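Residue-level structure breakdown
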Amino acid sequence: MAEEQAQHVHPSFAGVIRQKEEVKAKLAGIKNKIGVYSAKGGVGKTTVAVNLAIALAKMGKSVGLLDADIDCPNVPMFMGIEDRMDISHFPLKPLERQGIKVASTAMIVDDAKKPIIWRGALIAKMLGDFFENTDWGQLDYLIIDLPPGTSDAPLSIMQLLDMKGFVLVTTPARIAAVNSVRSGLMAKRLGKAVLGVVENMSEGTTEQAEYVAKALDTEVIGKISLNKRISKLEDEGKIPVLEDETVFEEFKAIAERIA
């Protein structure tokens, strides 16, 4: 199938088509791949990805969590993980925490506190290893925490993965909403679904989230209230949904909308 397609496309896309077929076969045991995304940094994508994954697991779902922010990985810190993955042989084995399979470059490099200074080709190769050379097994959901921006890692994920869709994260700030719209337009341009919008650090209303949802013909699927305890718990390596019932209920509502 891939070879037949490759004969009718520009040669520069032939390799992508072949790799996409290989990735699809490797990840056949994963029912739903969901990206947590915004082109704007600092909106709380990792907070949403980690706590959403935990909420789905508490609903009885089998869940994996991939930190696709290759050069600035933060998922292990949010999950309280200090151990390293075994990279002496393939396939790589994600580490399990709270019943979730987790993979991140922070669990591969020798010192996660040092900068990972890689060009786009190395970032794409690392993502390829997480897709093709990592044993995720059978999962109901793979939650993917994307980096900000609209190139490199987000582009590779949208080109290679058969995604269920993307959850966009914004905040009450207008600039965050504008960049979230850019994120959603990129996903749609590449034929991917936008599952909904989450407003993080919400101050009560969801005006900016509603702006994003209207621009992308989708809906607001939840809000996470501005809560200083969330960042305090994260700094301590604790997971808010496991420590605060109010936070859990907010993420549970989002998980139920997705599931």
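Let me sum up the structure you'll find in this document. (Residues numbered from 1 in each chain as written. Predicted model: local features only at pLDDT ≥ 70, side-chain atom pairs only at ≥ 80, totals over all residues. Heavy atoms only, no water.)

Turning next to the sheet that holds strand S2 (residues 63-67). Strand order across the open sheet formed by eight strands is S3-S4-S2-S5-S1-S6-S7-S8, with mixed pairing between neighbours. Looking at strand neighbours, the two that pair on one side only are strand S3 (95-97) and strand S8 (220-225), the edges of this open sheet. The average angle at which neighbouring strand axes cross in this sheet is 25 degrees, direction not considered. Here five bridges tie strand S6 (residues 165-170) to strand S7 (residues 194-202), and the two strands are oriented parallel to one another. Its bridge partner being in S7, Val 169 is matched across the sheet by Val 198. Helix-sheet contacts for helix H8 (residues 207-216) involve S6, S7 and S8, and the interaxial angle to S7 is about 165 degrees. (Pairing = 2+ DSSP bridges. Helix = DSSP H or I, 4+ residues; strand = E, 2+ residues; numbered from the N terminus. Axes fitted to C-alpha atoms, helices over the stretch in contact; angles between N-to-C directions. Contact = heavy atoms within 4.5 Å.)

Here the focus is helix H5 (residues 120-132). The terminal C-alpha atoms of H5, which comprises 13 residues, lie 18 Å apart, in line with the 18 Å expected from a rise of 1.5 Å per residue. The complete set of buried residues in H5 reads Ile 123, Met 126, Leu 127, Gly 128, Asp 129, Phe 130, Phe 131 and Glu 132. (Expected span 1.5 Å × (residues − 1). Buried < 20%, exposed > 50% of the residue type's maximum accessible area, 1.4 Å probe, protein only.)

By the element assignment, Leu 127 lies in helix H5. The sequence separation of Leu 127 and Lys 164 amounts to 37 residues, and the corresponding C-alpha distance is 18 Å. The residues contacting Leu 127, other than those within four sequence positions of it, are Ala 68, Ile 70, Ala 153, Ser 156 and Ile 157.

What follows is about the pattern of salt bridges. In total, this model carries eight salt bridges according to the counting rule given. Among the salt bridges present, the one from Lys 93 reaches Asp 135, with a minimum N-O distance of 2.7 Å. Here Asp 135 lies in the loop between H5 and strand S5 (139-145) and Lys 93 lies in the loop between helix H4 (75-79) and S3, a separation of 42 residues in the sequence. For Lys 93, a relative accessible area of 45% corresponds to the partly exposed category. Of the charged contacts in the structure, one is a salt bridge between Arg 229 and Asp 244, with a shortest N-O distance of 3.2 Å. Linking Arg 229 in helix H9 (residues 228-235) with Asp 244 in the loop between helix H10 (240-243) and helix H11 (245-258), this pair joins segments that are 15 residues apart in sequence. A residue is classified by how much of its surface remains accessible, and Arg 229, at 38% relative accessible area, is partly exposed. What makes Asp 244 buried here is its relative accessible area of 12%. When salt bridges that share partners are traced, they join Lys 232, Glu 236 and Lys 238 into one network. (Salt bridge = Lys/Arg side-chain N within 4 Å of Asp/Glu carboxyl O.)

Within soluble globular proteins, side chains that are nonpolar tend to cluster in buried spots. By size, the foremost hydrophobic cluster in this structure holds 78 residues, and its most contacted members are Leu 65, Met 79, Phe 131, Ile 143, Ile 144, Ile 157 and Phe 166. By residue number, the principal contributor to this core is helix H3 (residues 45-58), which donates nine residues. Beyond its immediate sequence surroundings of up to four residues, Ile 157 is in contact with Ala 68, Leu 127, Phe 131, Ile 144, Leu 146, Met 163 and Phe 166. (Core = buried A, V, L, I, M, F, W, Y, C linked by side-chain atoms within 4.5 Å.)

Further remarks concern the packing of helix H7 (residues 174-189) against H8. When two helices pack together, their arrangement is captured by the angle between the axes and the distance separating the axes. With their axes 9 Å apart at the nearest point, H7 and H8 run at an angle of 25 degrees to one another. As judged from the angle between their axes, H7 and H8 are roughly parallel. Two packed elements cross with a definite hand, and for H7 against H8 that hand is right-handed. Each of Arg 174, Ala 177, Val 178, Ser 180, Val 181, Gly 184, Leu 185 and Lys 188 in H7 lies in contact with H8, whose residues at this interface are Gln 208, Tyr 211, Val 212, Ala 215 and Leu 216. Partitioned by chemical class, the residues of the contact of H7 with H8 number eight nonpolar, three polar and two charged. (Parallel < 35°, antiparallel > 145°, perpendicular 65-115°, else oblique. Left-handed = near helix turned anticlockwise from the far one by under 90°. Nonpolar A, V, L, I, M, F, W, Y, C, P; charged D, E, K, R; others polar.)

Turning to the environment of Ile 239, a few remarks are in order. Mapped onto the fold, Ile 239 is located in the loop between H9 and H10. For the pair Ile 239 and Ile 108, spaced 131 residues apart in sequence, the C-alpha to C-alpha distance is 22 Å. Non-local contacts of Ile 239, meaning those with residues more than four positions away in its chain, are made with Val 50, Asn 51, Ile 54, Phe 78, Met 79 and Gln 98.

Among the seven residues that make up S5, seven are buried, leaving the element largely enclosed by the rest of the structure. As paired elements, strand S1 (residues 30-37) and S5 share six bridges and run parallel to each other. Within S5, the position partnered with Ile 34 by the bridge is Ile 143. As defined by bridge partners, S2 adjoins S5 across five bridges and the pair is classed as parallel. For Leu 66, the partnering residue across the bridge sits in S5 and is Ile 144.

In the contact formed by H3 and H11, the axes pass within 9 Å of each other and the chain directions differ by 75 degrees. Relative to H11, H3 is oriented roughly perpendicular. In this structure, H3 contributes Thr 47, Val 48, Asn 51, Leu 52, Ala 55, Leu 56 and Lys 58 to the contact, and H11 contributes Phe 248, Phe 251, Lys 252, Ile 254, Ala 255 and Ile 258. Across the contact of H3 with H11, the residue classes break down as nine nonpolar, two polar and two charged.

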